[in-house]
Protein chains: 2
Amino acid sequence: MAEKVTIATVARHARVSRQTVSNVLNTPHIVREETRQRVQEAIDVLGYRVSQAARQMRTGRSRLIAMRIEPTRDGINGSVLDRFLHGLTETAELAGYRVLLYTAGDTQREIAAYDDLLSAYDLDGFVLTGTDHGDARTTWLAQREVAFVAFGRPWDDPTAHPWVDVDGAAGTARATEHLLERGHRRVGFLGWPAGSGVGDDRRSGWRESLRAAGIDPAGLDRAVDDGIAEGEWSMRDLLSSGEPPTAVVCASDSLALGALQAVRATDPAVAVVGFDDTPVAAAVGLTSVSQPLGEAAARCVDLLTAVLDGDQQSPEPVLLQPSLVLRHTA
Amino acid sequence: MAEKVTIATVARHARVSRQTVSNVLNTPHIVREETRQRVQEAIDVLGYRVSQAARQMRTGRSRLIAMRIEPTRDGINGSVLDRFLHGLTETAELAGYRVLLYTAGDTQREIAAYDDLLSAYDLDGFVLTGTDHGDARTTWLAQREVAFVAFGRPWDDPTAHPWVDVDGAAGTARATEHLLERGHRRVGFLGWPAGSGVGDDRRSGWRESLRAAGIDPAGLDRAVDDGIAEGEWSMRDLLSSGEPPTAVVCASDSLALGALQAVRATDPAVAVVGFDDTPVAAAVGLTSVSQPLGEAAARCVDLLTAVLDGDQQSPEPVLLQPSLVLRHTA
DNA sequence: AGGCAGGATTGGATCGTTCAAGTTTCTGGA
DNA sequence: TCCAGAAACTTGAACGATCCAATCCTGCCT
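Residues numbered from 1 in each chain as written. Chains lettered and ligands numbered in written order. Predicted model: local features only at pLDDT ≥ 70, side-chain atom pairs only at ≥ 80, totals over all residues. Heavy atoms only, no water.

- Under an unreviewed UniProt entry, the name given to chain A is Transcriptional regulator, LacI family, and the organism recorded is Micromonospora avicenniae.

**Comments concerning the protein's contact with DNA strand D**
Then, in step 1: Not every one of the 27 residues close to DNA strand D is listed here, only the nearest: A:Ser17, A:Thr35, B:Lys4, B:Ile7 and B:Gln19.
Then, in step 2: Protein-adjacent atoms of DNA strand D, using a 4 Å cutoff, are sugar or phosphate at a proportion of 54%.
Then, in step 3: In the environment of DNA strand D, a phosphate oxygen lies 2.9 Å from a nitrogen or oxygen atom belonging to the side chain of B:Asn26.
Then, in step 4: Those elements that place two or more of their residues in the surface near DNA strand D are helix 2 (18–26) and helix 4 (52–59) of chain A together with helix 2 (18–26) and helix 4 (52–59) of chain B.
Then, in step 5: Ranked by the residues each element gives to the surface near DNA strand D, the list is headed by helix 4 of chain B, at five residues. (Near = heavy atom within 4 Å. Polar contact = N/O pair within 3.5 Å; in protein donor to acceptor, adjacent residues only side chain to side chain. Helix = DSSP H or I, 4+ residues; strand = E, 2+ residues; numbered from the N terminus.)

**Considerations on the domain arrangement of chain A**
Then, in step 1: Examined at the domain level, chain A breaks down into domain 1 (7–50), domain 2 (64–166 + 293–320) and domain 3 (168–290).
Then, in step 2: Here domain 1 of chain A and domain 3 of chain A have C-alpha centroids that lie 61 Å from each other. (Domains from an automatic or database assignment.)

**A look at the interface of chain B and chain A**
Then, in step 1: With 43 residues of chain B in contact, the opposing surface of chain A contributes 44 residues.
Then, in step 2: Where chain B abuts chain A, roughly 3,800 Å² becomes buried across the two surfaces, and 59% of that area is made up of carbon and sulfur atoms.
Then, in step 3: When the buried area of chain B at its contact with chain A is split by residue, B:Arg49, B:His86 and B:Arg98 rank highest and sum to 17% of it.
Then, in step 4: Our count for the contact surface shared by chain B and chain A stands at six salt bridges.
Then, in step 5: Linking B:Asp116 and A:Arg98 is a salt bridge whose minimum nitrogen-to-oxygen distance equals 2.8 Å.
Then, in step 6: For the side of chain B that touches chain A, the elements supplying multiple residues, two or more each, are helix 4, helix 5 (78–94), strand 2 (98–102), helix 6 (107–121), helix 11 (253–266) and helix 12 (279–284) of chain B.
Then, in step 7: By residue number, the principal contributor to the side of chain B that touches chain A is helix 5 of chain B, which donates seven residues.
Then, in step 8: Considered class by class, the residues forming the side of chain B that touches chain A number 21 nonpolar, 11 polar and 11 charged.
Then, in step 9: Sheet analysis places strand 2 (residues 98–102) of chain A next to strand 2 of chain B, joined by three bridges and oriented antiparallel. (Contact = heavy atoms within 4.5 Å. Buried area = accessible area lost by both parts, 1.4 Å probe. Salt bridge = Lys/Arg side-chain N within 4 Å of Asp/Glu carboxyl O. Nonpolar A, V, L, I, M, F, W, Y, C, P; charged D, E, K, R; others polar. Pairing = 2+ DSSP bridges.)

**Here we look at the packing of helix 6 (residues 107–121) of chain A against helix 7 (residues 136–143) of chain A**
Residues and elements named next belong to chain A.
Then, in step 1: Remark: helix 6 packs on helix 7, axes separated minimally by 10 Å, with the N-to-C direction vectors making an angle of 25°. By the angle between their axes, helix 6 is roughly parallel relative to helix 7. The two elements helix 6 and helix 7 meet at a crossing, and its hand is right-handed. For the pair helix 6 and helix 7, contact is made by Thr107, Glu110, Ile111, Tyr114, Asp115 and Leu118 and by Ala136, Arg137, Trp140 and Leu141, respectively. (Axes fitted to C-alpha atoms, helices over the stretch in contact; angles between N-to-C directions. Parallel < 35°, antiparallel > 145°, perpendicular 65-115°, else oblique. Left-handed = near helix turned anticlockwise from the far one by under 90°.)

**Brief notes about the environment of A:Thr266**
Residues and elements named next belong to chain A.
Then, in step 1: Here Thr266 lies in helix 11 (residues 253–266).
Then, in step 2: Classification of Thr266 as partly exposed rests on a relative accessible area of 48%.
Then, in step 3: In this structure, the C-alpha to C-alpha distance between Thr266 and Leu239, residues 27 residues apart in sequence, is 8.1 Å.
Then, in step 4: Ignoring anything within four residues of it in the chain, the contact list for Thr266 reads Arg236 and Leu239.
Then, in step 5: Within the structure, Thr266 has its side chain in polar contact with the backbone oxygen of Ala262 (distance 2.7 Å). (Buried < 20%, exposed > 50% of the residue type's maximum accessible area, 1.4 Å probe, protein only.)

**What to know about the pattern of salt bridges**
Residues and elements named next belong to chain B.
Then, in step 1: For the structure on display, the rule yields 44 salt bridges over all chains.
Then, in step 2: Between Arg36 and Glu33 there is a salt bridge; the shortest N-O distance is 3.2 Å. Remark: Glu33 and Arg36 occur in helix 3 (residues 33–46); sequence separation between them is three residues, near one turn of the helix.
Then, in step 3: The closest approach of N and O atoms between Asp165 and Arg153, which form a salt bridge, is 2.8 Å. Placement of Asp165 in strand 5 (residues 163–166) and of Arg153 in the loop between strand 4 (147–151) and strand 5 is noted, with a sequence separation of 12 residues between them.

**Considering the protein's contact with DNA strand C**
Then, in step 1: In the vicinity of DNA strand C, 26 residues are found, and the nearest of them are A:Ile7, A:Gln19, A:Tyr48, B:Ser17 and B:Thr35.
Then, in step 2: Per the 4 Å cut-off to the protein, sugar and phosphate atoms form 58% of the nearby atoms of DNA strand C.
Then, in step 3: Contact distances for DNA strand C include 3.3 Å between a phosphate oxygen and a backbone N or O atom of B:Ile30.
Then, in step 4: When contributions to the surface near DNA strand C are tallied by element, the ones reaching two or more residues are helix 2 and helix 4 of chain A together with helix 2 and helix 4 of chain B.
Then, in step 5: A class-by-class count of the residues in the surface near DNA strand C yields eight nonpolar, 10 polar and eight charged.

**Some thoughts on helix 6 of chain A**
Residue and element names in this part refer to chain A.
Then, in step 1: End to end, helix 6 covers 20 Å across 15 residues, agreeing with the expected 21 Å (1.5 Å per residue, within 8%).
Then, in step 2: Restricting attention to buried positions, one finds in helix 6 the residues Glu110, Ile111, Ala113, Tyr114, Leu117, Leu118, Ala120 and Tyr121.
Then, in step 3: In this structure Asp106 caps helix 6, since a side-chain oxygen of it lies 3.2 Å from the backbone nitrogen of Gln108.
Then, in step 4: With its phi angle positive at about 55°, Asp122 sits one or two positions after the end of helix 6. (Expected span 1.5 Å × (residues − 1).)

Have a look at this one:
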């Protein structure tokens, strides 16, 4: 069992003071090149590694960022955040940060979790997902000057805090235009009830595209909660209306999957496009709008490190463009 | 900006020494009840929280456990580990631990990651997933007496280290028996090439069930790498053989999905059963063997905390039973 | 009243790092 | 040669908790 290697061990071995070793690690430019090399060599030989605990105690920084992990939900939509998490972990690691996970039942408890994570673990920052109108979490964090980035726009004030998001409206617009090009005129939309930022955004892309093509969107859409069953019955409803659509754009793959079932039972010629390009969509051949999740995660890390390194208080937000993945259903 | 609350602040407020506060926190039974209450009250009033960094520096424990997160793979099989991760985070939190994520390209680099995590972050333990024959990781960890649990058996020596696993053979056996009960006789199997612990295990469940029913399994199975495409062509191959099966059990949902496509194109009456009960299976109505992932994660935390608290050096391993989720395809 | 065992409580020392303030060494211009 | 000023390096003093060893009670027995 080898002796524990501390900064003092390295200092002794390289015949310099502890502080010089610390400087080699943190501010190499103020150390003479020759000395730097000697210290670096000692570090390598001894296999020294900084103790995050000790560093953290002095500096109050932990090189840890946290992301919330949701309870295992339906598995279709959950996969989006999981993929984002994978990307986040990889990119954060490259930037020298690690990702810590936490859970929280509701917003109330999520804020309690922040409090705990900050005071106990000295967390450096948070990555929020799924922001909503008047999000209590962002106000709490901003008030305490905690660094954070949101994956999802602040729907009330776009400059409220740093964020990265995918342009949902552009995604549904692209899907709608694709269907129009294929000759469809009555393109329907299955989305969520008004009020959610993401949902309204996705609906607007479809609506504006229709309008731009001179088509009145009235009566061509439905608003339901997310889910396969909901998708199925609202699609049946849409198909049995006065002027049934010949194609439909959906706000999620769950809805699209349900719609697909309704379509197969009624009129298999109707085209369906989903949103999120989940594994399920890939498996059943569903055309879907794909979010660049890895890219989004990477940009989140960029923004967060920019804030943490003090480069800028509020770096420029990032809005990424989704792409349409064509498969059998449209 | 409130003054930072340390153990000394609490001590002053409760008119006791720091050590007594520490005792209230760590060894409450040696503190007089009256004092304990007074201290506890001060803690609540002041909103005190222990600084993990300081504690960690003195004790070398961090109340952090790590799990590896794989690069975003095909999305179908990845979801299994994601669901496990969700469960792990939730249960660990209840036990007072948090989950730290890390990535690693190969076994070599995974071991380097251990080294880093241990010396820099003083990690308490690891949860390994997907162990294989002669796993280099487990030997490395065991040698250094690092606490860890594996989700997956040590295929060489069942007492090598604490583990939790799901009885794959029982799963495929249950699936096979279900098909036999439904009147099928020639029940096929689509699995992976021999050599992987998990794969061999799942294949054996099918083989033994057939034998027990007096059926010769020879020629009824295929061994291919995992994937939808692989599932499809090997199923086509099986269906065009001399004595084609009337039902097939698969080692994964990916294979089953491929098989399903082959079946639809050839003979829709052939039954298909998958493995893992992924969201995709649920979406397409695929009957599948379901692993109790939440339970598995919980038991992993149990075993790990048992080791960490020093209760037992090597707690009893846990083998959980999977269940068959019946849907349309079988 | 004195002695004593045992539990309850306390005061330094310590973990490994960084910060702040010092001291030494180097450099170049008068 | 001397000296100012910068560069390079060193030395205590934290950070906040826990460990260790020592001290203080408290009740009980003689």
